[in-house]
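Residues per chain, in single letters:
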Amino acid sequence: MHLTANHRVAILLHEGIKGTHGKTGLAYLRYGQASIVAVIDAECAGKSLKDVTGIAKDIPIVSSVQAALAYNPDVLLIGIAPSGGVLPDAWLEEVKQGVTTGLSVANGLHTPLKPYFDSLQPEQWIWDIRKEPSGLSIGLAKARSLACKRILTVGTDMSVGKMSTSLECHAAAQKRGIKSKFLGTGQGGIMISGEGIALDAIRVDFAAGAVEKMVLSAGNDYDVLWIEGQGSLLHPGSTATLPLIRGSQPTGLILVHRAGQTHIRHASHVAIPPLSEVISVYESVASVAGATDKVKVKAIALNTFHLDTTAAQNAIETVKDMTGIPCTDVVRFGGDYLLDYL
């Protein structure tokens, strides 16, 4: 089950355009393959998508699922992740209304939606993405035997742009004619690519093994794999980064950092060390438990979304000077520059 260019998608994004829980929907707006016909956010209804998000697409923002039906969608994509992974009752009722009219649903919430619907029309489906795959075992560092490059994005915090960095570098590699594949590890990446593993739905004992299985299944068919990063070793609530390192046995890392950020966003009492120290931590962790060679942070992807162009370029040059490592904002300036260093 996956979204294709033939689907017409309405994205449920209530309070997600201006809020902090709309990452999934905003990522699909930037990178999704399906035709997006409407964005649903009562807070921003009637406004220009480009003005409120910076995404240069002419897609209407409407107030409700009912209003989105005027644009003839066939899929409702849940693009928000409220605290606790549960939709408020009013928004759940909107989803139910959409399903009643025949919409299929792509759901990235922790809470599955399929149990709410006893019967669907013949071509209708509910895609609950956050499910543990079958046939898992523990990780055993088997990916290190692959000949392909395996580039893992790691971060100084959650939600700094690890998925976007992987996707931008993957797109740049494809333009060069490189046999390249993006491996999604979260609901947004899976919606965009149509496959992958929902790492945060997998029991911790099998998380590294799940990553390993995914990497092994693709490694012999491609020259480079871009593994979507999750979480951060610096975040006190994150457990996702270590199994990604262990399971993928990366040949190189891209460190993703938001320019100017000095503390974990939702834990302001936790400082982010200087980037040189962060690099040392990631390289040390990645170079044990299976690695046969020293694993290096080969590039830095700097998130400069909040800066104007001049300030962004200055921030990039500052990081280059501080670390001696190639750096750019791949979303703003493209991923091609980093390819020569990976």
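Before any of the text, the structure's been laid out above.
Treat the numbers as computed from the prediction; the structure is a model and nothing was measured. (Residues numbered from 1 in each chain as written. Predicted model: local features only at pLDDT ≥ 70, side-chain atom pairs only at ≥ 80, totals over all residues. Heavy atoms only, no water.)

A. Fine view of the overall build of the protein chain. In terms of regular secondary structure, the protein chain is built from 12 helices and 14 strands. Against the globule reference of 20 Å for 342 residues, the protein chain gives a C-alpha radius of gyration of 20 Å, in line with a compact fold. Counting only C-alpha atoms, the protein chain reaches 55 × 50 × 45 Å along its principal axes. A fraction of 70% describes how many contacts in the protein chain between residues 6 or more apart in sequence connect residues 24 or more apart. When the accessible surface of the protein chain is totalled, it reaches about 15100 Å², and 50% of it is carbon and sulfur. Taking the 30 positively charged and 31 negatively charged side chains of the protein chain as two groups, their mean positions are separated by 5 Å. (Helix = DSSP H or I, 4+ residues; strand = E, 2+ residues; numbered from the N terminus. Rg over C-alpha atoms; globule rule 2.2 N^0.38 Å. Contact = heavy atoms within 4.5 Å. Areas by Shrake-Rupley, 256 points an atom, 1.4 Å probe, with all protein chains shown as cover. Lys, Arg positive; Asp, Glu negative; His and termini not counted. Charge placed at Lys NZ, Arg CZ, Asp CG, Glu CD.)

B. Looking closely at the sheet that holds strand β1 (residues 8–12). The strand order across the open sheet built from 6 strands is β3-β2-β1-β4-β5-β6, with neighbouring strands paired in parallel fashion. The open sheet terminates on both sides in strands that have one partner only, identified here as β3 (61–62) and β6 (126–128). (Pairing = 2+ DSSP bridges.)

C. Focus on the environment of D223. Residue placement: D223 occurs in the loop between α7 (204–219) and β9 (224–227). Residues D223 and L140 lie 83 residues apart in sequence; the distance between their C-alpha atoms is 22 Å. If we skip the residues at most four places from it in the chain, D223 touches C148, K149, I178 and K179.

D. Representation of the pairing of strand β4 (residues 75–78). Burial of the side chains of β4 extends over both faces: V75 and L77 are buried on one face and L76 and I78 on the other. Relative to β4, β1 is paired through 4 bridges, and the arrangement is parallel. Counted as the bridge partner of I11 is L77 from β4. Across 4 bridges, the pairing between β4 and strand β5 (residues 104–107) is parallel. By the bridge assignment for β5, V75 is matched with S104. (Buried < 20%, exposed > 50% of the residue type's maximum accessible area, 1.4 Å probe, protein only.)

E. Local environment of the nonpolar core. Core analysis: the biggest nonpolar cluster contains 53 residues, and L3, Y28, L29, L76, I78 and V95 have the highest contact counts within it. Those residues in contact with Y28 that sit more than four places away from it in its chain are L3, I11, Q33, A34, I36, L77, M191 and I192. In terms of nonpolar packing, the next biggest core, distinct from the first, is built from 42 residues, I202, L255, V295 and C327 among them. (Core = buried A, V, L, I, M, F, W, Y, C linked by side-chain atoms within 4.5 Å.)

F. Representation of the packing of helix α8 (residues 241–248) against helix α9 (residues 275–286). Axis separation between α8 and α9 bottoms out at 10 Å; the angle between their running directions is 50°. When the axes of α8 and α9 are compared, the pair comes out oblique. Of the residues in α9, those touching α8 at T241, L242, I245 and R246 are Y282, V285 and A286. (Axes fitted to C-alpha atoms, helices over the stretch in contact; angles between N-to-C directions. Parallel < 35°, antiparallel > 145°, perpendicular 65-115°, else oblique.)

G. The arrangement of the layout of surface pockets in detail. Computed from the structure, the second largest pocket encloses a volume of approximately 280 Å³. In this structure, the second largest pocket is lined by 13 residues; those nearest its centre are L167, H170, F182, I192 and S193. At the level of secondary structure, the elements contributing two or more residues to the lining of the second largest pocket comprise α5 (162–175), β8 (180–183) and α6 (187–193). Element by element, the count of residues in the lining of the second largest pocket is highest for α5, at 5 residues. Counted by class, the lining of the second largest pocket contains 5 nonpolar, 5 polar and 3 charged residues. (1 Å grid on protein atoms, 1.4 Å probe; cavity = no way out; pocket = protein on both sides within 12 Å on 5 of 7 lines; lining within 4 Å. Points joined across faces, edges and corners; volume = space filled by probe spheres on them. Nonpolar A, V, L, I, M, F, W, Y, C, P; charged D, E, K, R; others polar.)

H. Representation of the sheet that holds strand β7 (residues 149–155) within the structure. Judged by pairing direction, the sheet is parallel, and its 6 strands sit side by side in the order β8-β9-β7-β10-β13-β14 without closing on themselves. A strand with exactly one partner marks an edge of an open sheet, and here the two such strands are β8 and β14 (327–328). Pairing of strand β13 (residues 297–303) with β14 involves 2 bridges; the strand directions are parallel. Bridge assignment links I300 to a residue of β14, and that residue is C327. In this fold α5 packs onto β7, β8, β9, β10 (252–258) and β13, with an angle of close to 165° to the strand it touches most, β8.

I. Highlighting the state of the cysteines. Counted by the stated rule, this structure contains 0 disulfides. C169 provides the cysteine sulfur closest to C148, a residue in no disulfide bond, and the two sulfurs are 16 Å apart. The exposure class assigned to C148 is buried, which follows from its relative accessible area of 4%. (Disulfide = S-S within 2.5 Å.)

J. Representation of helix α10 (residues 309–323). The end-to-end C-alpha distance of α10 is 21 Å, a good match for the 21 Å that 15 residues give at a rise of 1.5 Å each. Taken residue by residue, α10 has A312, A315, I316, V319 and T323 as its buried positions. Buried residues in α10, looked at end-on, bunch into an arc of 100°, giving them a common side. Those residues of α10 that are exposed and angled more than 90 degrees off the buried face are T310 and D321. Next to the buried residues of α10 lie α9, β13, β14 and α11 (330–333). Of the residues flanking the start of α10, the one acting as N-cap is D308, its side-chain oxygen 3.3 Å from the backbone nitrogen of T310. (Expected span 1.5 Å × (residues − 1). Arc of directions from axis to C-beta. Polar contact = N/O pair within 3.5 Å; in protein donor to acceptor, adjacent residues only side chain to side chain.)

K. A look at the side chain of Q230. Structurally, Q230 is set in the loop between β9 and α8. With residues near it in sequence (within four places) discarded, Q230 still touches K162, T185, G186, L199, A240, T241 and L244.

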